[in-house]
Amino acid sequence: TQLLEQSPQFLSIQEGENLTVYCNSSSVFSSLQWYRQEPGEGPVLLVTVVTGGEVKKLKRLTFQFGDARKDSSLHITAAQPGDTGLYLCAALIGGSQGNLIFGKGTKLSVKP
Amino acid sequence: KAGVTQTPRYLIKTRGQQVTLSCSPISGHRSVSWYQQTPGQGLQFLFEYFSETQRNKGNFPGRFSGRQFSNSRSEMNVSTLELGDSALYLCASSLPGTGVKNIQYFGAGTRLSVL
């Protein structure tokens, strides 16, 4: 059973389009993280959201944590080819010294 | 500061062999976690070491083991390799923070192919 469900699995869009990817769970989390992984590299942390309803912006990326802290979304405005990569959401389980669990990711391809 | 370094980057083994992968964390980071990444299962947690002790363990068979040295460098070992062990193995290091401070810095991974 996957604790974190990400959708869509794959997304192929043209440069300049907007998109939203989702990370859903039936569990409540104290925080949620988003990572981006480019081919041949390890994931890199983009943001951590902590408070229910929180919205964080990172240039053209907007992250939202659901009010109930069970889900999160990532919205990209005017996507660029440099946004291409695998977007992963992750949550800490097992308490403050627990470990991270990851969703399977959304593979985004932005064509010029 | 140098990032997380994993060696080797690529490895080809045959079924039944064993393999050892190495991870050098960012200087000052004492926690090292290992993950297996496959297209079907995604990123799955293997285990975490902190101050040379295994602190957390994922749901993997005993063929997967690890250790951490006094300089925080870590190795993971997979014995009696199976075809299904083919994957990208990622190592991540973090400061000894807790909760939201548990920011993981990943290496580029070791791509293991089992033939």
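The rules behind these values
- Residues numbered from 1 in each chain as written.
- Chains lettered and ligands numbered in written order.
- Predicted model: local features only at pLDDT ≥ 70, side-chain atom pairs only at ≥ 80, totals over all residues.
- Heavy atoms only, no water.
- Helix = DSSP H or I, 4+ residues; strand = E, 2+ residues; numbered from the N terminus.
- Buried < 20%, exposed > 50% of the residue type's maximum accessible area, 1.4 Å probe, protein only.
- Contact = heavy atoms within 4.5 Å.
- Buried area = accessible area lost by both parts, 1.4 Å probe.
- Polar contact = N/O pair within 3.5 Å; in protein donor to acceptor, adjacent residues only side chain to side chain.
- Nonpolar A, V, L, I, M, F, W, Y, C, P; charged D, E, K, R; others polar.
- Disulfide = S-S within 2.5 Å.
- Core = buried A, V, L, I, M, F, W, Y, C linked by side-chain atoms within 4.5 Å.

Q: Explain unusual backbone geometry to me, please; I cannot follow it from the model alone.
A: Outside of glycine, negative phi angles account for most residues, and trans bonds account for most peptide bonds. Cis geometry is found at the peptide bond from serine 7 of chain A to proline 8 of chain A, where omega equals -10 degrees. Structurally, proline 8 of chain A can be placed in the loop between strand 1 (5–7) and strand 2 (10–14). With an omega of -10 degrees, the peptide bond running from threonine 7 of chain B to proline 8 of chain B counts as cis. For proline 8 of chain B, the position within the fold is in the loop between strand 1 (5–7) and strand 2 (10–13). Unlike most non-glycine residues, serine 72 of chain B shows phi in positive territory, near 75 degrees. Looking at where serine 72 of chain B falls in the secondary structure, it is placed in the loop between strand 7 (64–68) and strand 8 (74–78). With relative accessibility at 12%, the residue serine 72 of chain B sits in the buried group.

Q: I'm lost on the interface of chain A and chain B in this one. Help?
A: Bring the parts together and some accessible area is lost; that lost area is often taken as the interface size. Contact residues are listed per partner, giving 21 residues for chain A and 22 residues for chain B. Counting the surface lost from both chain A and chain B, the interface buries some 1,700 Å², and carbon and sulfur atoms represent 54% of this. Linking chain A with chain B are four residue pairs in polar contact (both at pLDDT 80 or more), by the criterion used here. Breaking the side of chain A that touches chain B down by element, the ones donating at least two residues are strand 4 (32–37), strand 5 (44–49), strand 9 (85–93) and strand 10 (99–102) of chain A. Tallied by class, residues from the side of chain A that touches chain B come to nine nonpolar, ten polar and two charged.

Q: So what exactly am I meant to see when it comes to the state of the cysteines here?
A: By definition, a disulfide links two cysteine residues through a covalent bond between their sulfur atoms. Tallying each qualifying case throughout the model produces two disulfides over all chains. Across the disulfide from cysteine 23 of chain A sits cysteine 89 of chain A; the S-S distance is 2.0 Å. With the S-S dihedral at roughly 75 degrees, the linkage between cysteine 23 of chain A and cysteine 89 of chain A falls on the right-handed side. Within this pair, whereas cysteine 23 of chain A is found in strand 3 (residues 19–24), its partner cysteine 89 of chain A is found in strand 9, the two being separated by 66 residues in sequence. Here cysteine 89 of chain A falls in the buried class, since its relative accessible area comes to 0%. A sulfur-sulfur separation of 1.7 Å characterises the disulfide bridge that pairs cysteine 23 of chain B with cysteine 91 of chain B. On the S-S bond that ties cysteine 23 of chain B to cysteine 91 of chain B, the torsion sits near -50 degrees, and the link is left-handed. With a gap of 68 residues between them, cysteine 23 of chain B in strand 3 (residues 19–24) and cysteine 91 of chain B in strand 9 (residues 87–94) connect regions that are remote in the sequence. The exposure class of cysteine 23 of chain B is buried, given its relative accessible area of 0%.

Q: Teacher, can you tell me more about the nonpolar core here?
A: Within the largest apolar cluster, 23 residues are counted, with the highest numbers of intra-cluster contacts made by Leu4, Leu32, Trp34, Phe63, Leu74 and Ile76 of chain A. Broken down by secondary-structure element, the contributors of at least two residues to this core are strand 3, strand 4, strand 5, strand 7 (61–65), strand 8 (71–76), strand 9 and strand 11 (106–111) of chain A. In this structure leucine 32 of chain A touches Leu4, Cys23, Val47, Thr48, Val49, Phe65, Ser72, Cys89 and Ala90 of chain A, once residues within four positions along its chain are discounted. Grouped together as the second largest cluster of nonpolar side chains are 21 residues, Leu11, Val19, Ile26 and Leu81 of chain B included.

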